[in-house]
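# Architecture at a glance
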Amino acid sequence: MAGYVVVGTQWGDEGKGKIIDVLGHKADYVVRFQGGNNAGHTVVVDGEKFILHLLPSGMLHGNGKCIIGPGVVIDPAVLLKELKTLDDKGAKTDHLFISDRAHLIMPYHVELDKLQEEASGDKKIGTTKRGIGPCYSDKISRKGIRVVDMLDVKLFSEKLKENLEEKNVLFTKIYNAPKMDYEEILKESKKHIELLKHRIIDSTPIINQALDEDKFVLFEGAQAMMLDIDHGTYPYVTSSSPTAGGVTVGAGVSPRKINRVIGVMKAYTTRVGEGPFVTELENETGEWLRKTGFEYGATTGRPRRCGWLDLVVGKYATMINGLTDIVITKIDVLSGLETIKICTGYEIDGKVYTTSPASTESLSRAIPIYESLEGWKEDITQMKEYSELPENCKKYIKRMEEILGCQITMVSVGPDRTQNIFLKEI
Ligand code: GDP
Ligand code: IMO
Ligand code: MG
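Parameters and conventions
Residues numbered from 1 in each chain as written. Chains lettered and ligands numbered in written order. Predicted model: local features only at pLDDT ≥ 70, side-chain atom pairs only at ≥ 80, totals over all residues. Heavy atoms only, no water. Near = heavy atom within 4 Å. Polar contact = N/O pair within 3.5 Å; in protein donor to acceptor, adjacent residues only side chain to side chain. 1 Å grid on protein atoms, 1.4 Å probe; cavity = no way out; pocket = protein on both sides within 12 Å on 5 of 7 lines; lining within 4 Å. Sits in = over half its atoms within 2 Å of the grid points. Nonpolar A, V, L, I, M, F, W, Y, C, P; charged D, E, K, R; others polar. Donors = N, O, S within 2.8 Å, 3.2 Å for Na, K, Ca; no water. Helix = DSSP H or I, 4+ residues; strand = E, 2+ residues; numbered from the N terminus. Buried < 20%, exposed > 50% of the residue type's maximum accessible area, 1.4 Å probe, protein only. Expected span 1.5 Å × (residues − 1). Contact = heavy atoms within 4.5 Å. Pairing = 2+ DSSP bridges. Axes fitted to C-alpha atoms, helices over the stretch in contact; angles between N-to-C directions. Areas by Shrake-Rupley, 256 points an atom, 1.4 Å probe, with all protein chains shown as cover. Domains from an automatic or database assignment. Left-handed = near helix turned anticlockwise from the far one by under 90°. Buried area = accessible area lost by both parts, 1.4 Å probe. Salt bridge = Lys/Arg side-chain N within 4 Å of Asp/Glu carboxyl O.

In the vicinity of ligand 2 lie 20 residues, with K16, H41, T128, Q223 and T238 positioned nearest. Within the side chain of R302, one N or O atom sits 2.9 Å away from an oxygen atom of ligand 2. Among the cavities detected, the one that contains ligand 2 is the largest pocket. For the shell around ligand 2, the class distribution of residues is 7 nonpolar, 10 polar and 3 charged.

As structure tokens, this is what we get:
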């Protein structure tokens, strides 16, 4: 056992939470390395649904430890609420630790996210309005407040004061919005500090030692390839690096310590928020996919935009992440379709592209080049073996594997942790 990374290969919501939960029972550590509570990771256990935003999806096993790593942005109020939800359900929570290097999402970040989105009109990103972008902006501008600052209330109060003074100028002078109250934020923060301080650790040596001792460390990606700040459909992206490289930066481990990179790929494509989406189906088929796949955001409840599987995106994700394995999810949703399409290229201004171009403007003019495959009618949600799958479903999987040039290790055929077909050992 060693370092395994699980990443999203599309625009998020591929089913990463479920896969982390499936692999998590044997993990010594499950570590989040980027993003924040913009994530919504669903885990279904015996019919009961848990949606995790900040907590790693390994929480429900309780065998290993769960760590919110240095590269994550933490909203303490949200974290405490999530912990309480698990506590109320009788689940174990004392195995959750937070890195002292992680940055804190403060109430003014959430407010700024909302104000920026509202002021952007039709140029809005469609963020989750959880304060992610403003918090990462402060981190990069070296103004952020970190978890370690919670351990020195005087320092914390000073940093809060400086930051809020600047944000209040923005609120009143730029956005014509009311000021936020320092005393009120400080009072709430002090409560959060009391409730969280026993979970604060320096996670970096702990994770590295575990890897050196050949323990099983599972790194849980949030968001996905096309939402990556550097490689996604900029500016319609999130503010972190959800690709495999993000692990080394966000958890503080060398790339040499990562043994497998598992890409989670939905059998079709969805996207929440604005931005180009070449294979989007704004028609009955798209609506059918949304209804059949229950494609509504786990964080914001927004309807997800739906379309055919885009293997230009898939190949790009395989390359940038250096995927060693692919897990296909939600292939059960496609049962009943006469024909299923796979996008293998884009045509933009008469030129064929097989990799995603940088220009968002060009991407919005891209015409998908499709390959059509025959569908299948059978309900596959109770199948346990690859051999049981309908022939056309197997052809779809094999064609994906052929185009992507990466082994497909597992096929998920339903939301429950037991609904899986393993093609190879994982
Ligand atoms: P994540 O953000 O990548 O963890 O994915 P989400 O939890 O946001 O969205 C995935 C949705 O699909 C959740 O409602 C899951 O319960 C569900 N899901 C995961 N895998 C499967 C699958 O193989 N089949 C079906 N039908 N649903 C699945
Ligand atoms: P999981 O981990 C899908 C999208 C938002 C928006 C853009 C920027 O559940 O797959 P942000 O709030 O991050 O500044 O929003 O990114 N987005 C996600 N879409 N799944 C997610 O997470 C997402 N996290 C952010 O909709 O388009
Ligand atoms: Mg999600």
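After presenting the structure, the write-up continues.
In this section: the coordination of the magnesium ion (ligand 3). Under perfect tetrahedral coordination by four donors, a metal shows angles of 109.5 degrees; under perfect octahedral coordination by six donors, it shows angles of 90 or 180 degrees. For the magnesium ion (ligand 3), the full set of protein donor atoms is D13 (OD) and G40 (O), at a range of 2.0 to 2.2 Å. Here D13, found in the loop between β1 (3–8) and α1 (16–24), pairs with G40, found in the loop between β2 (29–32) and β3 (41–45); they are 27 residues apart in sequence, far enough to count as distant. With relative accessibility at 21%, the residue D13 sits in the partly exposed group. Assessed through its relative accessible area of 11%, G40 is described here as buried.

For helix α5 (residues 153–174), with 22 residues, the first-to-last C-alpha span of 31 Å sits near the 32 Å given by 1.5 Å per residue. In this structure, the buried side of α5 is in contact with β8 (103–104), α3 (107–119), α4 (132–140) and α6 (182–196). Positioned one or two residues after α5, N176 has a phi angle of 55°, which is positive.

Before going further, it helps to spend a moment on the sheet that holds strand β19 (residues 408–412). Read from one edge to the other, the open sheet built from 10 strands follows the order β9-β7-β5-β2-β10-β1-β11-β15-β19-β20, with strand pairing classed as mixed. Each of the sheet's edge strands pairs with one partner strand only, and the pair in question is β9 (200–201) and β20 (420–422). For strand β5 (residues 65–68) and strand β7 (residues 96–99), the ladder comprises 3 bridges, and the chain directions are parallel. Paired with I68 across the strands is I98, a residue of β7. In the packing of helix α7 (residues 203–212) onto the sheet, the strands contacted are β1, β2, β5, β7, β9 and β10 (217–220), and the crossing angle to β10 comes to about 130°. Along the sheet, helix α12 (residues 391–404) makes contact with β11 (258–266), β15 (325–329) and β19, crossing β19 at roughly 140°.

Below, the discussion takes up the site of ligand 1. For ligand 1, the set of nearby residues contains 19 residues, the closest of which are K16, G17, T42, D332 and S412. Take K330: an N or O atom from its main chain is 3.0 Å from an oxygen atom of ligand 1. Here ligand 1 loses 92% of its free accessible area of 580 Å² to cover by the protein chains. The site holding ligand 1 turns out to be the second largest pocket. Residue assignment for the shell around ligand 1 shows that the elements contributing at least two residues are α1 and β3. Sorting elements by how many residues they give to the shell around ligand 1 places α1 first, with 3 residues. Here the residues of the shell around ligand 1 sort into 4 nonpolar, 8 polar and 7 charged. Of the domains in this structure, domain 1 (2–99 + 201–260) and domain 3 (265–422) are the two that each give at least three residues to the shell around ligand 1.

This next bit is on the packing of α3 against α4. Packing of α3 against α4 leaves a shortest axis separation of 7 Å and a crossing angle of 115°. Taken as a pair, α3 and α4 cross one another with a handedness that is right-handed. Only I132, P134, C135 and D138 of α4 make contact with α3, whose side of the interface consists of Y108, H109, L112, D113 and Q116. Among the residues making up the contact of α3 with α4, the classes are represented as 5 nonpolar, 2 polar and 2 charged.

Our next topic: the domain arrangement of the protein chain. Split by domain assignment, the protein chain resolves into domain 1 (2–99 + 201–260), domain 2 (103–196) and domain 3 (265–422). Placing a centre on the C-alpha atoms of domain 1 and another on those of domain 3 gives a separation of 23 Å. Facing the 36 residues of domain 1 at the interface are 39 residues of domain 3. Carbon and sulfur atoms supply 58% of the area that domain 1 and domain 3 bury against each other, a total of about 2900 Å² over both sides. Summed over the three residues of domain 1 that lose the most area to domain 3, namely Q10, W11 and K18, the buried surface amounts to 23% of that side. Between domain 1 and domain 3 we count 3 salt bridges in total. When the shortest N-O distance is used, the salt bridge between R260 and D325 registers 2.9 Å. At the surface where domain 1 touches domain 3, the tally comes to 23 residue pairs in polar contact (both at pLDDT 80 or more). At the level of secondary structure, the elements contributing two or more residues to the side of domain 1 that touches domain 3 comprise α1, β3 and β11. Looking at which element gives the most residues to the side of domain 1 that touches domain 3, the answer is α1, with 4 residues. In terms of residue class, the side of domain 1 that touches domain 3 is built from 16 nonpolar, 14 polar and 6 charged.

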